[in-house]
Amino acid sequence: MLTLTENATLVIKSITGVEGAPEGAGVRISQENPADPALAVTTTEAPQPGDQVVEEAGARVFLEENAANALDDKILDAAVDDKGGVEFLLVPQPGAGRENGAAPTP
């Protein structure tokens, strides 16, 4: 399952916690075509039917089914640039891609 870094948690909470935002708002990640690696990130009031919900320290991320599959072994990180723009970064979870957690053979 997708996990969030502390930075991602803080950024998501700052994006979705603006005054007037509904309780439970979050960031939704979707992928229209499983063959296309492009992901869309939007803010939304609530998850769509079928979305996987990842919640960490008050930050909520809603994953559309294709995106949930693509991001199952990833960590979501985030940063804010000098102009206030948000950049999300995905990195593999430690040990991802190894069956049964086995160490690689030399």
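Refer to the structure printed above.
Cut-offs and rules
- Residues numbered from 1 in each chain as written.
- Predicted model: local features only at pLDDT ≥ 70, side-chain atom pairs only at ≥ 80, totals over all residues.
- Heavy atoms only, no water.
- Helix = DSSP H or I, 4+ residues; strand = E, 2+ residues; numbered from the N terminus.
- Buried < 20%, exposed > 50% of the residue type's maximum accessible area, 1.4 Å probe, protein only.
- Pairing = 2+ DSSP bridges.
- Contact = heavy atoms within 4.5 Å.
- Axes fitted to C-alpha atoms, helices over the stretch in contact; angles between N-to-C directions.
- Core = buried A, V, L, I, M, F, W, Y, C linked by side-chain atoms within 4.5 Å.

A.B. asks: Any chance you could explain the environment of Glu6 here in plain terms?
C.D. replies: Examined against the element boundaries, Glu6 turns out to sit in helix H1 (residues 6–16). Its relative accessible area of 63% is what places Glu6 among the exposed residues. In this structure the C-alpha to C-alpha distance between Glu6 and Asp77, which are 71 residues apart in sequence, comes to 7.8 Å.

A.B. asks: What exactly am I supposed to notice about the sheet that holds strand S7 (residues 86–92) here?
C.D. replies: The strands that make up a sheet pair up through hydrogen bonds in the backbone, lying either parallel or antiparallel. The strand order S1-S6-S7 describes an open sheet built from three strands, whose pairing is mixed. Edge strands, defined here as strands with exactly one partner in the open sheet, are strand S1 (3–4) and S7. Pairing of strand S6 (residues 74–80) with S7, which is carried by seven bridges, proceeds in the antiparallel orientation. When the bridges of S7 are listed, Ala78 appears paired with Phe88. Sheet strands touched by H1: S1, S6 and S7. Its angle to S6, the strand with the most contacts, is close to 60 degrees.

A.B. asks: Just checking my understanding: could you explain the nonpolar core for this structure?
C.D. replies: One recurring pattern in soluble globular proteins is that nonpolar side chains are buried together. By size, the foremost hydrophobic cluster in this structure holds 16 residues, and its most contacted members are Leu2, Leu4, Ile12, Ile29, Val61, Leu63 and Leu76. Mapped onto this core, the elements with two or more residues apiece are H1, strand S2 (26–30), strand S5 (59–63), helix H2 (65–70) and S6. Those residues in contact with Leu76, other than ones at most four positions away along the chain, are Leu2, Thr3, Leu4, Thr5, Ala8, Ile12, Ile29, Phe88, Leu89 and Leu90.

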